[in-house]
Amino acid sequence: MNLEQQHIVILGGSSGIGLGVARACLARGASLTLVSRSPDKLAGAAAELGEARRVRTFAADVTQEAEVRRLFDEHPPARHVVVTAVQGHYQPIREMDIAAARRTIDSKLLAALHVAKHARIEPEGSLVFTTGIAAVRPGPGGSVIAAVNGALMSLVRALAIELAPVRVNALSPGWIDTPVWDSIAGAAKEQRLAQHARRLPVGRVGAPADIADAALFLMGNGFTTGEVLHVDGGHRLI
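This one's a predicted model, so the numbers in the text were calculated from it and none came from an experiment.

Caption draft 1: Looking closely at the packing of helix H4 (residues 98–118) against helix H5 (residues 143–162). Closest axis-to-axis distance for the H4/H5 pair is 9 Å, and the angle between their directions is 10°. Between H4 and H5, the crossing angle belongs to the class labelled roughly parallel. Across the interface between the two elements, Ala 101, Thr 104, Ile 105, Lys 108, Leu 109, Ala 112, Leu 113 and Ala 116 of H4 pack against Val 144, Ile 145, Val 148, Asn 149, Ala 151, Leu 152, Leu 155 and Leu 159 of H5.

Printed below as a string of structure tokens:
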């Protein structure tokens, strides 16, 4: 897939899945704008990618509409916009911290609305969101993230109609080995991932490169819109 002369905006592009997507796009000739809240993480990601001429960074809080508007006003139109920013919240419903739940809703659903409203995307391009396995296989304490991911699945179908001819799709990852697991599981990260890997039909958890491959498909296939592409190693089947 040749992405030369194409500008791709990746929100959440400073680490994990977003950085994996950035690496794959850069290898295929794209120019990138990486977006994250943290200027330090953005600087680290840009240094790791090592293509200063083709990588720009922009620090923004995507839960704030004014910052999303400024992002797209200050950069050229994108061929593709990929939203990978993730903030999960797991807590039993009877103990729910509603303020924390609202931050998760804002970071995934409200941010998606901001991007859909303000993104300037070329007519032959696409908008790709990231939902997740919790929408179809929720676990205990996962009501908020399940609800938000499910909402995103519905949103892409509506936006595929409203934003046409721009194509709108979503990726639905399963368990992916990214830095977010350091905060979820701490020292037990490797053990938890290994236990889960043994349950999956493919025998392993995912890597950012697996999701990047799927993102490239959604960007490149001009006949795919309004779809949710599950990349979960068979998690939905167990």
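Next comes the rest of the write-up.
Caption draft 2: Quick peek at the nonpolar core. Of all hydrophobic cores here, the largest spans 30 residues; its most connected members are Val 9, Leu 11, Phe 72, Val 81, Val 115, Leu 127 and Phe 129. Elements with a contribution of two residues or more to this core: strand E1 (7–11), helix H3 (65–73), strand E4 (78–83), H4, strand E5 (121–130), H5 and strand E6 (167–173). Counting residues per element, this core draws most heavily on H5, at six residues. With residues up to four places along the chain from it excluded, the contact list for Val 115 reads Leu 11, Val 68, Phe 72, Val 81, Val 83 and Leu 127. Counting residues in hydrophobic clusters, the runner-up holds 28 residues, among them Leu 26, Leu 42, Ile 176 and Met 219.

Caption draft 3: Main features of helix H7 (residues 189–199). Buried within H7 we find Lys 189, Leu 193, His 196 and Ala 197. One side of H7 carries all its buried residues, which in axial view fall inside an arc of 105°. Facing away from the buried side of H7 by more than 90 degrees, the exposed set consists of Gln 191 and Arg 198. Looking at the packing, one finds that the buried side of H7 touches helix H6 (180–185).

What counts, and at which threshold
Residues numbered from 1 in each chain as written. Predicted model: local features only at pLDDT ≥ 70, side-chain atom pairs only at ≥ 80, totals over all residues. Heavy atoms only, no water. Axes fitted to C-alpha atoms, helices over the stretch in contact; angles between N-to-C directions. Helix = DSSP H or I, 4+ residues; strand = E, 2+ residues; numbered from the N terminus. Parallel < 35°, antiparallel > 145°, perpendicular 65-115°, else oblique. Contact = heavy atoms within 4.5 Å. Core = buried A, V, L, I, M, F, W, Y, C linked by side-chain atoms within 4.5 Å. Buried < 20%, exposed > 50% of the residue type's maximum accessible area, 1.4 Å probe, protein only. Arc of directions from axis to C-beta.

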